[in-house]
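# Notes for the structure review
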Amino acid sequence: MSSTRAVVSGNLVPLEEAHLNELLQWRNHPSVRQHMYTQHKITQSEHHAWYQSIVSSNDKVALLFLRDNAPSGFVQFRMDSGNFSAMWGFYVAPNCPKGTGLALGQSALTYARKQLRVSVVRGEVLEGNIASQNFHKKLNFQMCGEKTITRGRSAYTVQQYLNNLKQSESVSKLGEMQ
């Protein structure tokens, strides 16, 4: 007996200056901000400086995720020089429909493999962010280490994840054949 699930899909487009106000609202929303390294409310000037650093960089790619042509999420890749890997960061719009995050993740990993031609994507998750830990595992990431960061007077554990896209692609194809 097979179960049917609604497939959520979307597409990724380059982040443009016209998207910045909406993106800043999402980034400053408490449900997003609480899981970020930088947890204060980002100002317009900080946000604009961040955007300028993206557009002037050769090693960063910032993308907006559209679901049904509506902005629904954000993903960024920071390329590592020479070894075909990238670090990713992402978030979905607050109050977006269920399944949006997974669709963003799947689209982003496909983009990384096909467009950026990376074979490994790495991610970092604050230890208490169980939803993101489970999300990474669902997308075939493996926990590969931990590190400690300091914010003010507090120390936080960060879990490090890695997805070997070539291996994940083989696993996906095997699953499709069964």
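Heads up: these notes are all about the structure in this document. (Residues numbered from 1 in each chain as written. Predicted model: local features only at pLDDT ≥ 70, side-chain atom pairs only at ≥ 80, totals over all residues. Heavy atoms only, no water.)

## Overview of the environment of G128
Tracing the chain through its elements places G128 in the loop between strand 5 (120–126) and helix 5 (130–138). The exposed category is assigned to G128, whose relative accessible area is 65%. Measuring from C-alpha to C-alpha, the distance between G128 and Y156 comes to 9.2 Å, with 28 residues separating the pair along the chain. (Helix = DSSP H or I, 4+ residues; strand = E, 2+ residues; numbered from the N terminus. Buried < 20%, exposed > 50% of the residue type's maximum accessible area, 1.4 Å probe, protein only.)

## Description of the nonpolar core
V75, F77, W88 and V121 are the most contacted members of the largest nonpolar core, which totals 22 residues. Contributing elements (two or more residues each) for this core: strand 2 (60–67), strand 3 (70–79), strand 4 (85–92), helix 4 (100–114) and strand 5. Top element by residues in this core is helix 4. It accounts for five residues. Excluding residues within four positions of it along the chain, V75 makes contact with L12, V61, A62, L63, W88, G89, F90, L104 and A108. One finds L15, W26, Y51 and L64 within the second-largest nonpolar core, a separate group that totals 14 residues. (Core = buried A, V, L, I, M, F, W, Y, C linked by side-chain atoms within 4.5 Å. Contact = heavy atoms within 4.5 Å.)

## Examining the side chain of Q133
Inspection of the secondary structure puts Q133 in helix 5. A distance of 2.4 Å separates a polar atom in the side chain of Q133 from the backbone oxygen of E127. If near-sequence neighbours (up to four positions away) are discounted, Q133 is found in contact with V125, L126, E127, G128, Q159 and Y161. (Polar contact = N/O pair within 3.5 Å; in protein donor to acceptor, adjacent residues only side chain to side chain.)

## So, the packing of helix 1 (residues 20–28) against helix 3 (residues 44–55)
Between helix 1 and helix 3, the least distance of the axes is 11 Å, while the angle of their chain directions is 115 degrees. As far as their axial angle goes, helix 3 and helix 1 are roughly perpendicular. Here helix 1 and helix 3 pass one another in a crossing that is right-handed. Only Q44, H47, H48, W50 and Y51 of helix 3 make contact with helix 1, whose side of the interface consists of L20, N21, L23 and L24. (Axes fitted to C-alpha atoms, helices over the stretch in contact; angles between N-to-C directions. Parallel < 35°, antiparallel > 145°, perpendicular 65-115°, else oblique. Left-handed = near helix turned anticlockwise from the far one by under 90°.)

## Concerning the pattern of salt bridges
Applying the stated rule across the entire model yields two salt bridges. Note that R122 and D80 form a salt bridge whose closest N and O atoms lie 2.6 Å from each other. In this pair, R122 sits in strand 5 while D80 sits in the loop between strand 3 and strand 4, placing the two residues 42 residues apart along the sequence. Here K147 makes a salt bridge to E124, at a shortest N to O gap of 3.0 Å. Residue K147 is found in strand 6 (residues 142–151), and its partner E124 is found in strand 5; the two are separated by 23 residues along the sequence. Classification of K147 by relative accessible area gives partly exposed; the value is 31%. (Salt bridge = Lys/Arg side-chain N within 4 Å of Asp/Glu carboxyl O.)

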